[in-house]
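# Residue-level structure breakdown
Chain by chain, the residues run as shown.
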Amino acid sequence: MPHEVKAKYIALKSWTGRSSQNAPKFWEECCREMGMVDTTDGIRLRTGYFENRESEDAAALSSGEDGAPAPNIPIRRSLEASASAPLLPNPPDMEEQGRSRCHQKEVATVLSASTVGSHVDAMPCGTTLPEHQPQQCDLLPERKGNQTLHGAGEESKPNIHGDSSPPSQVESQTDEVSPDTSTSVWIDLQKSLLEDGNKCDKLSVSLSYQKVLERVKLALDVIETSQQIRQLPPVMPVLTEEKKVSDEQAVELHSLGIELYELFSSGMSPFRAVDKNGFNTSSVMFDGNKGTFHGDNDEKQKKKRERQAKMPGYVPLTEFGLPPTICRLVSSLLNHRESCERCNYECIDDVKEDLRIMASKPEMFLFRTASCNLQLSPDALYGREEETAKLLEAYSRAIDPAGRQTKEIVFISGYSGTGKSSLVQNLRGHFIKKGACFVSGKFDAMQQLQPLSSIVSAMNDYCNLLSESRSRIHEVREAVETALGNEGRAVLSSLIPNLEKIISSADAKLEVPCANGREALQRLIFMIRMLFRATCSFSYPVVLFLDDLQWADSVSLTLMQGLISDPAIKGLLVIGCYRDNEVTSDHPLMSTLADIKRSGDTSITSICIGNLDVKNISSLLSDALLLTPNMVRSLAEAVLQKTGGNALFLIQFLSSLHNEGLIRYSLSSRQWEWDTQKICRKDIADGVAELLAAKLQSMAPEVLVALKTAAAFGAQCEEELLQILDKAPERIESTVIALDAAVAEGIMNKVGSAYIFAHDQVQQAAYLLIPDSERASFHLLLGRTLWKCCSENELKKHLFVLVYQLHKGSSLISDHDEQVALARLSLRAGEMASAMSAFLPSECYLTAGIQMLNEDDWFCCRDLCVDIFSLCAETQYILGDFDAMQGNLDKLLTNGRTLQEKLRAYHTLILSMGAQGRALDAISTASRILPELGEALPLDVTKATVKQELGLTETLLSAVCADTEDSLLQMKPMENAEKREAMKILHVLLHYAFTEKKILLPVLVCRMVRISISYGLCKESAHAFAFYGMISLNTMGKYYDGHRYARVAISIIDRFQAREFFARVHVIVYLLIKPWAEPIQACLPPLKRAIEVGLATGDILYSMIAAHSYAGCALFAGEALGPLMDEMNLHSKQMIDIKQRYVHTNSGPMRQFAQNLLGRSADPTRLVEDIMDEGDPLDSPGDTRSNQAAMFTYLYRLWLQYLFGNYHEAWNTVEEYEEIGNGSSKLISFPAACCTVFFPCLTALALAREKEEPKYMKTIDNNLAKMEEWALLAPWNCLNKLQLLRAEYAFLKKDFILAATCFDHAVELSAKHRLVNDQGLALERSGIFHLERGDHDTASSLFASARECYIKWGAWSKVWHVEERYL
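Residues numbered from 1 in each chain as written. Predicted model: local features only at pLDDT ≥ 70, side-chain atom pairs only at ≥ 80, totals over all residues. Heavy atoms only, no water.

### Overview of the overall build of the protein chain
- Across its full length, the protein chain holds 60 helices and 15 strands.
- When the 1367 residues of the protein chain are sorted by exposure, 56% land in the buried category.
- Considering only intrachain contacts with a sequence separation of at least 6, the fraction spanning at least 24 residues in the protein chain is 72%.
- By element, 49% of the accessible surface of the protein chain is carried by carbon and sulfur atoms, the whole surface being about 59000 Å². (Helix = DSSP H or I, 4+ residues; strand = E, 2+ residues; numbered from the N terminus. Buried < 20%, exposed > 50% of the residue type's maximum accessible area, 1.4 Å probe, protein only. Contact = heavy atoms within 4.5 Å. Areas by Shrake-Rupley, 256 points an atom, 1.4 Å probe, with all protein chains shown as cover.)

### Comments concerning the packing of aromatic side chains
- Using the criterion set out here, one finds 27 aromatic pairs in the structure.
- Within the aromatic cluster, the residues linked to one another by ring pairs are Phe1153, Tyr1196, Trp1199, Tyr1202, Tyr1207, Phe1238 and Phe1239.
- In this structure, Lys998 packs its charged tip against the face of Phe994, placed 5.2 Å from the ring centre.
- When the ring centre of Phe1062 is taken as reference, the NZ or CZ atom of Arg1059 above it lies at 5.7 Å. (Phe/Tyr/Trp six-rings, centres within 6.5 Å; stacked < 30°, edge-to-face > 60°. Lys NZ or Arg CZ within 6 Å of the ring centre and 35° of its normal.)

### Observations regarding the sheet that holds strand E15 (residues 754-757)
- Pairing within the open sheet is antiparallel, and its three strands lie in the order E13-E15-E14. Each end of this open sheet is capped by a strand with a single partner; those strands are strand E13 (716-718) and strand E14 (748-751). When the angles between neighbouring strand axes are averaged without regard to direction, this sheet yields 20°.
- Strand direction decides the pairing type here: E13 and E15, joined by three bridges, are antiparallel. Each bridged residue has a counterpart across the sheet, and for Glu718 the counterpart in E15 is Ala754. (Pairing = 2+ DSSP bridges. Axes fitted to C-alpha atoms, helices over the stretch in contact; angles between N-to-C directions.)

### Focus on the packing of helix H49 (residues 1100-1116) against helix H54 (residues 1230-1248)
- One can describe the packing of H49 onto H54 by two numbers: an axis separation of 9 Å at closest approach and a directional angle of 45°. In terms of orientation, H49 and H54 fall into the oblique class. Touching Gly1112, Cys1113 and Phe1116 of H49 are Phe1230, Pro1231, Cys1234 and Cys1235, all from H54.
- In terms of residue class, the contact of H49 with H54 is made up of six nonpolar, one polar and no charged. (Parallel < 35°, antiparallel > 145°, perpendicular 65-115°, else oblique. Nonpolar A, V, L, I, M, F, W, Y, C, P; charged D, E, K, R; others polar.)

### A word on the pattern of salt bridges
- Within this structure, the stated rule accounts for 47 salt bridges.
- A salt bridge links Arg397 to Glu408; its shortest N-O distance comes to 2.9 Å. Taken together, the residues span a long stretch of sequence, with Arg397 in helix H13 (residues 385-398) and Glu408 in strand E6 (residues 407-414) at a distance of 11 residues.
- By relative accessible area, which is 30% here, Arg397 ends up partly exposed. (Salt bridge = Lys/Arg side-chain N within 4 Å of Asp/Glu carboxyl O.)

### Thoughts on the sheet that holds strand E8 (residues 542-547)
- The strand order across the open sheet formed by five strands is E7-E8-E9-E6-E10, and the pairing between neighbours is parallel. Each edge of the open sheet carries a strand with a single partner, namely strand E7 (437-442) and strand E10 (602-609). Pairs of neighbouring strands in the sheet enclose a mean axial angle of 15°, with direction left out of account.
- The sheet contact formed by E8 and strand E9 (residues 572-578) spans five bridges and is parallel.

### Structural notes on the environment of Glu1020
- Topologically, Glu1020 is positioned in helix H45 (residues 1019-1034).
- The buried category is assigned to Glu1020, whose relative accessible area is 12%.
- Considering only alpha carbons, one finds Glu1020 and Met983, 37 residues apart in sequence, at a separation of 6.5 Å.
- Leave out the neighbours within four places in its chain, and Glu1020 touches Met983, Lys984, His987, Met1008 and Phe1061.

### Structural notes on helix H22 (residues 614-625)
- Helix length check: H22, at 12 residues, gives a terminal C-alpha distance of 16 Å against a target of 16 Å (1.5 Å per residue), a fit within 8%.
- Of all 12 residues in H22, nine are buried, a share of seventy percent or more.
- Here the buried face of H22 lies against helix H12 (362-365), helix H23 (633-643), helix H24 (647-659) and strand E12 (671-674).
- Directly after H22, the chain includes Leu626, whose backbone phi takes a positive value near 60°. (Expected span 1.5 Å × (residues − 1).)

### A closer look at the side chain of Arg579
- Checked against the element boundaries, Arg579 lands in the loop between E9 and helix H21 (588-599).
- By relative accessible area, which is 5% here, Arg579 ends up buried.
- Not counting residues within four places of it along the chain, the set of residues in contact with Arg579 comprises Gly414, Ser416, Lys420, Asp548, Gln550, Trp551 and Asp760.

### Quick look at the state of the cysteines
- Under the counting rule described, the total for this entry stands at zero disulfides.
- Not engaged in a disulfide, the cysteine Cys865 finds its nearest cysteine sulfur in Cys861; these two sulfurs lie 6.3 Å apart.
- Accessibility expressed as a relative area gives 1% for Cys865, which makes it buried.
- Between Cys1278, a cysteine without a disulfide, and Cys1234, which holds the nearest cysteine sulfur, the sulfur-to-sulfur distance is 4.1 Å. (Disulfide = S-S within 2.5 Å.)

### Let's talk about unusual backbone geometry
- One non-glycine residue with positive phi stands out, namely Lys1294, at about 70°.
- Along the chain, Lys1294 turns up in the loop between helix H56 (1275-1292) and helix H57 (1296-1312).
- Of the residues examined, Lys1294 reaches a relative accessible area of 61% and is grouped as exposed.

### Comments concerning the environment of Ala1063
- Summarising the element assignment, Ala1063 is placed in helix H47 (residues 1062-1073).
- Leaving out residues up to four positions away in the same chain, Ala1063 has contacts with Ala1090, Gly1094, Asp1099, Tyr1102 and Ser1103.

### What about the packing of helix H37 (residues 862-879) against helix H39 (residues 899-915)?
- Packing of H37 against H39 leaves a shortest axis separation of 10 Å and a crossing angle of 10°. With respect to H39, the axis of H37 lies roughly parallel. Along its contact with H37, which presents Arg862, Val866, Asp867, Ser870, Leu871, Ala873, Glu874 and Tyr877, the element H39 presents Glu901, Arg904, Thr908, Leu911, Ser912 and Ala915.
- A class-by-class count of the residues in the contact of H37 with H39 yields six nonpolar, three polar and five charged.

### Quick word on the pairing of E12
- Relative to E12, strand E11 (residues 663-666) is paired through four bridges, and the arrangement is antiparallel. Its bridge partner lying in E12, Ile663 is registered against Trp674.
- Connecting the antiparallel pair E11 and E12 is a turn made up of four residues, with Arg670 showing a positive phi of about 55°.

### Considerations on the environment of Leu1309
- Locating Leu1309 in the fold gives a position in helix H57.
- Residues Leu1309 and Cys1278, 31 residues apart in the sequence, show an inter-C-alpha distance of 9.8 Å.

### Some details on helix H55 (residues 1254-1273)
- Between its first and last C-alpha atoms H55 spans 29 Å; for 20 residues at 1.5 Å apiece the expected length is 28 Å, and the two agree.
- Taken together, the buried positions of H55 are Tyr1256, Met1257, Thr1259, Ile1260, Asn1263, Leu1264, Met1267, Trp1270 and Ala1271. Looking down the long axis of H55, one finds its buried residues gathered within 160° of arc, a one-sided arrangement. Exposed residues on H55 whose side chains face more than 90 degrees from its buried face are Pro1254, Lys1258 and Leu1272.
- In this structure, the buried side of H55 is in contact with helix H46 (1039-1056), helix H53 (1207-1220), H54 and H56. (Arc of directions from axis to C-beta.)

Next comes the structure, spelled out in structure tokens:
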């Protein structure tokens, strides 16, 4: 023992002052401070006793002048002293003091109990109980015989003699034990245990592993029995009137404590009894100073006894080596008083619950030694069973191929620190075990200007996991390369570096196709969706976890919605967490959530995580302290009062309590202790961040600096950034090494090369260490250091971080040259963000850069000003911030000196007008600009103007390519910059003219064609020649020229790799031109390809127009309705997701048409069901878009009405269609144009057989002539229809032989041309012809064949119609 500690110990033991009520507590605390424990068997260190006679320390104690006890007698408490009573040293020689026989028996009993306890306490630290077969100690022979305590099966009281004598014999033998003998026995046992400590564990000395567990179960049986008979043993023998408890429940608990004490101590009674001479041993006190005893006549000792009598006097069960939890339970019951201040239990059921817990988890609560370090896991879950079940159910639905086939998303909301992320992370292993690929991304409040940071991180991890799967890497590589194509591989490889591990390096280095504005965003979303389509399935599911969505950028939210809404992605579960207190109703996340709900095909599981209650906190403390929940309930209530039950706050608060000693591990009791009152009085910080900040202050200075640096970057930072900072010569300490120390403390985690704070509240706490007044300068210093130490490649990689840090401290920059340099960096960051389709961050970078400039910079940094203002205006146009955009455009147009400097501004202005629904204003503005480019447009466009423009263009084309298009294709590229700008503006106007001013469309097209011939070809020339081919075919009737210019348009696309124009050119060519000469089936694959390429290049408008066109051509071609309906529903959903409402409205009639034919509507002749109401698009006949929808509605309603024999209603539809569709057929698709001729003629023929009215005959003659002309141009698509019209006409004119022949030809040609819908109709009409002619057998055969064709087509309502009417 150190001399200073020994001196303090001797001084304390020799103190002669008066004992007070707090003396025992004071003594125990002093012992604890010296690293010692005072037990019934003597003073011991943490590892043993002062029992060795040869010990120098013990000899020193014996030589003290204070009358300290001799070394051969251990310092011990008397039996009557309680656990908290004053400590009285025993006399050195009991025989010399003339102790009574009764007292000798008591000492022997104490010796017996304490000897057993000494074995336990002297066990070496770290000794553990064997898990299955604990070793037995041979020091104490097992008792023989059938001695019982209160009933059969219970063990009798242990003794040190090793015999089976009855209690009376044991008592007589004990009477003969002398002090020397007892000391010798104690020392022998102690030495034996020290010599063989590794062979005996603490519990097997007195009770083995199994016996302890058996007695716990026996205690449960005792309680069960007592509750059944409702009769308990009497209360303690010595119970005065003053101590009688009025509360019956308290008496029961106390009595139960006595019963359990006797059970676990093998029959020893916890309280003193009066001996046979009537002498109460508690009245005999030994004065260690005077060496005398005092009786009741001593007033001072009498008062002392009165104080001691208020506390129960018993030997704690810890002295028997029993588990601390059992000791605590029994002590709590024995210490029960009226106030219940020292009892953990309110009723016997609570005791039974604790015993049941001990019996069910003995390894944890009985035989596991608590650690001196408070171990709290922030990721452990308590009270989250319901939330966990919901999450697992959502996962099961997401991966179930036989389920509802709806997409699954889980939104988890709650306050910061409630355990949202922990809930998901705890199930990560479950997901992986089930075969899922788990990837996660976390959004950061300080990295919101780093676009797609979370999504890209998750996708990068996902690609890495895919590349590590050797069993399916080849399959994945092939699927990814097929799904993405060249464009997708080039686009994604620049964002997702690990994609190169899957695809070949050559594919990753492909040139990224040009895309601007929202086209680039839609292209990116489509490519990531294609990646998931290729790699995610029910067999290989994916769980995508996105944390802290309240900080997600709009692009990431749009991408998340795109993944969720894509029905082609199977086996994907998206889990999103957000803080609901930081998300208001106008937050982008809420609008995204509303859009997902409106879609109706996504199953949304909402989970709200609240704070922990007392029960959950008790469970947490129970696991941490290895005590039952009832034992820690008082602590749980105090912690709940202080923290409100916030999980993170609670963990940090408990950690601070441990650091301050308010929760401490007691070596004497071998369990955790706390002071509830002090905890309740403790002042704490208002939030967890402030609490953590105070905790961080205690760390080393270099670690604090490193934590501040990391916190300034956000919730995570890359090691490479820190290494760049460490290059600075003024930095002495290594930031990386310092952060490694923080990782060791659990403050941060290191995942790969990234340092991540354990929680964002920890990051906030570290950030709070930087004073408000110094934060701007701190960020500026970081930014300047990075800027100075970065290489060019590092600058490009960390550009967003660098610019963000500089702008956080830009208010402190006084040097204008540095401000201009920062503006250039901001422009660079804005360009990079725009290329990633992250327009909001781009706008922030650019706006901040503009603030660094002044008016003088328009003279000295003109290029910078033009570029940054132009790009900022473009991003604001894309974001829809038209007011801010107009301000920047005005600045550009005012300060711009040349037309070239203003052109970008004009282009943005025209686009913004069109986006705001001001198409005519856009045309007017463009008309003012084009003259400056040498391409003035006529102010008043008439038919004569159109004719003049067409004539000029035809003359020029005839001179260049009289016979073939080869000379056109060999023309050089356009080099004139002004003409290229003119082509761009004219190209923008094409769409506005088509929707708002159709008479201007031929003028614009002719002007673009003439510029291309005169100045060379460009990408926009492809669109111009496609439109001109349509005009040549439909307006001028030059079918051959129309197809020739269509081939030119396709060739220009291939020559210039103008894939951004692919979709729009293919729609014109394969919807409006090619069907006039080629089979309609041949147009379906190019249109389907146009859908994919349009989405891949971001041309979403024409991609959806291609989807609409594909469906129309497929219906015309008689494609199977079932699969076609599935495709139409998929495209319909895409139209809604990407907000193409106009195309979606126009496609509604054809979807309802297919729905009716499939037999999924009550009335197959009316377009009124869940998809649409045919009256809706007809409400505003003056609106162009409404007229388009109305035309499609009339067309498909007419088709249905004729098919089901409603000829009069069909004629009414024909007349309504003629009112709104006059002159429009020249610009509608081939299928629509063909149907508007075919079905009105059939309707007129059917009605003319009833009555040949002039209006019917006029329609018949006109439409029959048109069909004859078209049959010459497109025999594959029109000749069968012409034969059917001729058959019906011959039937009308009573030429039955010709009619029969034409019917047969119509059926034959329809079958030959694979037009199953037309074949079924021709068979049905032929059957009606033969039925009216009286040939029932032939008619029945024809009707049966027609039925088979309709079945093949999938038109079940028509099948039922034929069966009902004709079969």
